[in-house]
2 protein chains.
Amino acid sequence: MTATFGTTSTTKTPDLGPAVELVSKEEGHRQPLAPEFVSAEDFSPLEVAYDFGRVRREDIEAGPKNIWRYKKLLPVPSNVEEIPNTEPGATRLIRADRLAKELGLKRVWVKDDTGNPTHSFKDRVVAVALAAAREFGFEVLACPSTGNLANATAAAAARAGWRSVVLIPKTLERAKILTTAVYDGDLIAVDGNYDDVNRLATELAGEHPKWAFVNVNVRPYYSEGSKTLAYEVAEQLGWRIPPQIVVPIASGSQLTKVDKGFRELGQLGLVDASPYKVFGAQATGCSPVSAAFRAGQDVVQPVKPDTIARSLAIGNPADGPYVLDIVNRTGGAIEDVTDEEVVEGIRLLARTEGIFTETAGGVTVATAKKLVETGKLDPDAETVLLITGDGLKTLDAVENHIGPKATVPPSAAAVNEALGY
Amino acid sequence: MTATFGTTSTTKTPDLGPAVELVSKEEGHRQPLAPEFVSAEDFSPLEVAYDFGRVRREDIEAGPKNIWRYKKLLPVPSNVEEIPNTEPGATRLIRADRLAKELGLKRVWVKDDTGNPTHSFKDRVVAVALAAAREFGFEVLACPSTGNLANATAAAAARAGWRSVVLIPKTLERAKILTTAVYDGDLIAVDGNYDDVNRLATELAGEHPKWAFVNVNVRPYYSEGSKTLAYEVAEQLGWRIPPQIVVPIASGSQLTKVDKGFRELGQLGLVDASPYKVFGAQATGCSPVSAAFRAGQDVVQPVKPDTIARSLAIGNPADGPYVLDIVNRTGGAIEDVTDEEVVEGIRLLARTEGIFTETAGGVTVATAKKLVETGKLDPDAETVLLITGDGLKTLDAVENHIGPKATVPPSAAAVNEALGY
């Protein structure tokens, strides 16, 4: 058995910057950098290992106002900012005093990743995947997706002048189809569910040596893009690691990479290696990691997702065990919230801070609330919430809950009456 | 007759930073800073005048990464960044080589204002309006709107902890209603068209001394927010004014403020006061300024709008004559494009640069194309295109034009066949 897909005929040596090898997550087997994602030794996921050398704050601060300022910490070539690609990152970290008050926390920061090119954190991971894929000689950017990843992949390929192949279940909402199709790549609707689409992606990756499926054959590089969330939070806090951070869990990859990012910053001396706690957020309708945490287990039992938080609806999260390790190691916790609480979380963030997040953000906010109520988040310690996607893409989640206060005839008297004057 | 609305009982002296007076645009009558928008002397719009003192690049560069870095050039208090408000701006300026090639231009930059908090440039103007309104003692942020402004006003009020009153025509698309309602202000649907809603706003502004209608009684402050587009473009180009810029025209305010911003930078010595040409873009279905330009007139004949570019559909643009002045003075031009061209403009930007803009951005891109074809844009001179709003808000404009390449059964063979392998 081999997990080697998409090996190419290029003879160029890939320039992946500080990246030096791939390491298996279970037993630490090392192998050369390649477009592979599972260790042939222990069958665990492969992760990028680095030799960073010296990295200084000044170098980063002098870089571009996007994720490429962290290029010395990513598996991307040293001239990455000169190569056509998207420029995600440098999104707002805002002090959320009104939200903090409602949550009963002293100080809350919201990392608002809706400001990315296609309005989700997926632009970060796709940009890194594209940069690495180019070095390996791939020529097509591909993915299976139900939403944010489809948008990000199609957009990044368009900007780079690459062809994209995006596979989606044909039942996807029309809005999500349109927001991918507009970039004019090869969008294929599959008469099947997301599992079917995912299986197809793995099969096609084996057949097409020039196709980089961002979340399959170049996944070790792709997933490193999430580290930039941690880097930006720390830099925006004035080169500090926040004592508490709440991260939504889908595959669990983002949470593990936020932790990896914070650890790297500490190891490099870019921040004081102060202790921090990582908290995980799930929707109850897809909460296998939360359930395992609650039961004190270190393995995750797959579930069949049933939640409005579709971008988190991965029933068998690949990084679930690693998430449990990190949360336990840092002294954090994992909680899950009902769909009703998700909607209330979306509305709470909107009415207190003017940020309209998708369901995943509602999960994060509602989970933070629950973690305060159950005494797991320290109300006196600063807390960062990762808001990773945009409410404009999941309007269906809120449409039965909100609307105009009143509909009135066109007279000032009628408006006044409707408003109680 | 007086245009004084919303005078308040506050006794605090407003701190509006470098702003010193209001000046009427026609005859230059001067009056003290107040929440007024039309000169009682000559009935022309009032504009903010400043005493900037010394402003250095270093002061700006050391400021926050949002529009408040330009606070010394705006009618806002000197501690504006410490007061709850949104933090728009610092959006991407990207080099658009693939778009440039398709347009036949040597160098194109796209200012992608979809990265703002509610994904349009309206966040800039509303943030400035809110900051000024607070100084005048207002307590409610209000507007009549059909879309982007409603989102921006409701979101900014939420973040600041203000009440908002947003008036919309009840026929507005459900998506636009939801994206305003979610912020939980007082959203009132009016059984009438936009003209009815606008008239109501003016009437209500007179009745409610604590209500700041951002685009009515505090309009002179509000509109100054658009200057930040010019400031950011110049700073992002390394403190240079681009020789050519294409700006969409609704009321015309944005175009006049972009020009004002460039002129101020030159006067302050922050950039070389190099010549630049301002180009205006309209949809043919609402092209009164373009028609006047073509006819060589200096007044604008109102029209009844009929175009998919609804955010530009102002049939009687208040700043039309000033737009004509600026375009003529700088040696620019104005063109208009059909709805079909608007859709093609949206698709062109998406497939070349991975940016999905709303119809207004489609107007800008398609107009740029036309201006090249008619020889009005110099292909050898750098050109900036202002992309001011997001395609996620105007999905209806593209939905009959795009979609998946194919719908296939869940087999790799079927995908390959659909893609011609």
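So, how was this worked out
- Residues numbered from 1 in each chain as written.
- Chains lettered and ligands numbered in written order.
- Predicted model: local features only at pLDDT ≥ 70, side-chain atom pairs only at ≥ 80, totals over all residues.
- Heavy atoms only, no water.
- UniProt positions renumbered as here; feature names shortened; annotations may be inferred.
- Least-squares fit on C-alpha atoms with pLDDT ≥ 70 in both.
- Contact = heavy atoms within 4.5 Å.
- Helix = DSSP H or I, 4+ residues; strand = E, 2+ residues; numbered from the N terminus.
- Expected span 1.5 Å × (residues − 1).
- Buried < 20%, exposed > 50% of the residue type's maximum accessible area, 1.4 Å probe, protein only.
- Arc of directions from axis to C-beta.
- Buried area = accessible area lost by both parts, 1.4 Å probe.
- Salt bridge = Lys/Arg side-chain N within 4 Å of Asp/Glu carboxyl O.
- Polar contact = N/O pair within 3.5 Å; in protein donor to acceptor, adjacent residues only side chain to side chain.
- Nonpolar A, V, L, I, M, F, W, Y, C, P; charged D, E, K, R; others polar.
- Domains from an automatic or database assignment.

- If you check an unreviewed UniProt entry, chain A appears there as Threonine synthase from Amycolatopsis pretoriensis.
- Here is the UniProt Sequence similarities (unreviewed entry) comment for chain A, exactly as written: "Belongs to the threonine synthase family."
- As recorded by UniProt, the Cofactor (unreviewed entry) comment attached to chain A reads in full: "pyridoxal 5'-phosphate".

Comments concerning the relation of the copies chain B and chain A
Next up, step 1: For the match of chain B to chain A, the screw axis carries a shift of 0.0 Å, the RMSD comes to 0.0 Å, and the turn is 180 degrees. The operation mapping one copy onto its partner corresponds to a two-fold rotation axis. Relative to the rotation axis, the C-alpha of Gly115(B) is the closest in chain B, positioned 2.2 Å from it.
Next up, step 2: Comparing interface residues between copies, 100% of those in chain B also sit at the interface in chain A, which points to an isologous, same-surface contact.

Considerations on helix α6 (residues 194–207) of chain A
Next up, step 1: Taking 1.5 Å of rise per residue, the 14 residues of α6(A) would be expected to cover 20 Å, and the 20 Å separating its terminal C-alpha atoms lies within 8% of that figure.
Next up, step 2: Buried within α6(A) are the following residues: Val197(A), Leu200(A), Ala201(A), Leu204(A) and Ala205(A). Projected down its long axis, α6(A) carries its buried residues within an arc of 135 degrees, all on one side.
Next up, step 3: Buried residues in α6(A) make contact with β6 (140–144), β7 (163–169), β8 (186–190) and β9 (211–213) of chain A together with α14 (412–418) of chain B.

With respect to the UniProt feature "modified residue: N6-(pyridoxal phosphate)lysine" (unreviewed entry) in chain A
Residue and element names in this part refer to chain A.
Next up, step 1: Under the local residue numbering, the UniProt record ascribes the feature "modified residue: N6-(pyridoxal phosphate)lysine" (unreviewed entry) to Lys122.
Next up, step 2: You can see Lys122 is positioned in helix α3 (residues 122–135).
Next up, step 3: In contact with Lys122, not counting residues within four places along its chain, are Asn148, Leu149, Ala152 and Tyr222.

Looking at the interface of chain B and chain A
You'll often see interface size given as the accessible area lost when the parts meet.
Next up, step 1: Listed per partner, the contact involves 74 residues of chain B and 74 residues of chain A.
Next up, step 2: Contact with chain A buries surface across chain B, with Arg159(B), Val182(B) and Leu392(B) losing the most and accounting together for 10% of the total.
Next up, step 3: The interface formed by chain B and chain A includes 8 salt bridges.
Next up, step 4: Note that Asp186(B) and Lys405(A) form a salt bridge whose closest N and O atoms lie 3.3 Å from each other.
Next up, step 5: Inspection of the region where chain B meets chain A yields 30 residue pairs in polar contact (both at pLDDT 80 or more).
Next up, step 6: Counted by class, the side of chain B that touches chain A contains 38 nonpolar, 13 polar and 23 charged residues.

A word on the UniProt feature "domain: Tryptophan synthase beta chain-like PALP" (unreviewed entry) in chain A
Next up, step 1: The UniProt entry lists residues 88–389 of chain A under the feature "domain: Tryptophan synthase beta chain-like PALP" (unreviewed entry), expressed in the numbering used here.
Next up, step 2: In this annotation, residues 88–389 of chain A is assigned 45% helix and 17% strand; the end-to-end C-alpha distance for the span is 13 Å.

Looking at the domain arrangement of chain A
All names here are of chain A.
Next up, step 1: Per the domain assignment, the segments making up chain A are domain 1 (92–119 + 225–397) and domain 2 (122–222).
Next up, step 2: On a C-alpha basis, the centroid separation for the pair domain 1 and domain 2 is 25 Å.
Next up, step 3: Of the roughly 1,300 Å² buried between domain 1 and domain 2 on both sides combined, carbon and sulfur atoms contribute 37%.
Next up, step 4: Among the residues of domain 1 in contact with domain 2, Thr118, Gly225 and Lys393 are the three that bury the most area, contributing 44% of the side total.
Next up, step 5: There are 3 salt bridges connecting domain 1 and domain 2.
Next up, step 6: A salt bridge links Arg310 to Glu173; the nearest nitrogen and oxygen atoms lie 3.1 Å apart.
Next up, step 7: Seen at the junction of domain 1 and domain 2, the total is 10 residue pairs in polar contact (both at pLDDT 80 or more).
Next up, step 8: The element best represented in the side of domain 1 that touches domain 2 is helix α8 (residues 227–236), accounting for 3 residues.

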